Structure formats: C-alpha cells, structure tokens
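Chain residues, written in single-letter form:
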Amino acid sequence: MNDVDVGKQIQQMVRFIQQEAQEKASEISVAAEEDFNIEKLQLVESEKRKIRQEYERKQKQVDIRRKIEYSMELNAARIKVLQAQEDIVGEMKENASKTLVRVTKDTNVYRKILKSLIVQSLLRLRESSVVLRCREADRVHVEPVLEAAKKEYAEKLKVNLPKIIIDGKVHLPPQRLNDAAHGPACSGGVVLASQDGKIVCDNTLDTRVDVCFRQKLPEIRKKLYAQQVTT
C-alpha cells in the first residue's frame, strides 16, 4: 500500500470519527435540551403551585378577617339592641316609680295599699310579734290601718291578733325629690321583721316594682324584640 492509499484510509477514519462525534454531540445536545425542558417545566409547575398556595392562604386570611369583622359588627348590633331594650325597660321602671308618687298623695288609696302590704307581710312572717318600719311621714297613714290589718290576718289564719310595734327610731328613707338626688330613697310601703330581726319582709313600693319588673322582664323583652323585628 502506497502513501496515497494510506492517506485516503486515514482521511476516511478521521471523517468516521468526526461523524460519530457529531452524532454523539447531537444526541447529548438533544438529551440536555430535553432535561432542561423537563426541569424548566418542573420549576414552572413548582412556582405555579407556590403561587396557588400563597393565593389560597391569603384568600383564607381575607375570609377569616371578613368573618371576624362580620361577627364584631353583629355583636355590636346585638349590644346596641340590648342596650336600647335596657334603656326602654329602665324608662318604663322610672315611669312606674314616678306613678307611685301620685299614689301616695291619695290618702284613701294609699292607706288601703298600706293595709294590704301589712297583711301580706304578716302572712309571710307568721310571727306573733313583729316590728314595722315605714317612712317617718307615713306613720300617720300606717297607724289608722294597723288594727284592720291585724284582724284580717288573724281571721285568715284563725289565730290571735299579732302584736305590731312601729319602730320609732329607725325609719325608711324619704322619697327622692328629684332625679339628681343621691343616696337611699323609698317611695312608700312598709318593712316588717321578727322581733329578733332574723326574718325580714321588705314590702316597700319600690321593692314591689322591682319584683314585678323581674317577673315581667322576659315578657317585656319578648314584646320589645317582636316590635323591633316588625319595624
């Protein structure tokens, strides 16, 4: 084989090696591009997932904040309604207390009320001897009805007439003259107690109004709520 033939073979081998190198390089390039595209797609999907998670997290925060704000507004509205109801009930009670002033000014009516209050107190205490306290100004109304009250009590229970001692030292506080006045006050009525003071029956007009309002409060609130719903 001469030098020319050897040169040709060498050139063929070089071309073959170059072709194989190009094919390998092309395969490597394609594989690298595929890997890159896969990794890029994975990164994109990962970022999308993070964005969706972040959006969902923020959406939940917004929903929670809205629920909290709604709950706060609802509670504030409820408190406002309850306060309005309490104001109305307080006003009704205040009007009832003012009505008592007119009752005590009618001598005949007030003495009948005092007699009934004394009898009721005696029936609750069921003591043979009691102490009666009233406003100092009411003594002139209490004394004339004592005997009738004792007789009514005795007839109802078929017992002897009870002994009622009017406390001349301790009196119930006087009536409040105006809304600005402070301190204890009493619109009228009586307080009876056993001789040892262990059993006490508060039958003042103010206490009767309080008891009446406590008993009627659910009904009053129900009517007030019904009125607010209809309006």
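In this text, all values refer to a predicted model and were calculated from it rather than measured experimentally. (Residues numbered from 1 in each chain as written. Predicted model: local features only at pLDDT ≥ 70, side-chain atom pairs only at ≥ 80, totals over all residues. Heavy atoms only, no water.)

*Asks:* I'm lost on the packing of helix α2 (residues 107-125) against helix α4 (residues 146-157) in this one. Help?
*Replies:* Helix-helix packing is described using two parameters, namely the angle between the two axes and the distance between the axes. Where α2 contacts α4, the two axes come as close as 9 Å, and the packing angle between them is 40°. In terms of their interaxial angle, α2 and α4 are classed as oblique. Crossing of α2 against α4: the hand is right-handed. Along its contact with α2, which presents Lys115, Ile118, Val119, Leu122 and Leu123, the element α4 presents Leu146, Ala148, Ala149, Glu152, Tyr153, Lys156 and Leu157. Split by residue class, the contact of α2 with α4 holds 9 nonpolar, no polar and 3 charged. (Axes fitted to C-alpha atoms, helices over the stretch in contact; angles between N-to-C directions. Helix = DSSP H or I, 4+ residues; strand = E, 2+ residues; numbered from the N terminus. Parallel < 35°, antiparallel > 145°, perpendicular 65-115°, else oblique. Left-handed = near helix turned anticlockwise from the far one by under 90°. Contact = heavy atoms within 4.5 Å. Nonpolar A, V, L, I, M, F, W, Y, C, P; charged D, E, K, R; others polar.)

*Asks:* Got a minute to help me understand unusual backbone geometry in this structure?
*Replies:* Both trends apply: most residues other than glycine have a negative phi, and most peptide bonds are in trans. Although it is not a glycine, Arg126 adopts a positive phi angle of roughly 55°. For Arg126, the position within the fold is in the loop between α2 and β1 (129-133). In this structure Arg126 comes out as exposed when scored by relative accessible area, which is 55%. Positive phi, normally seen in glycine, also occurs at Lys158, with a value near 55°. On the secondary structure map, Lys158 appears in the loop between α4 and β2 (163-166). (Buried < 20%, exposed > 50% of the residue type's maximum accessible area, 1.4 Å probe, protein only.)

Structural measurements only, silent on function.
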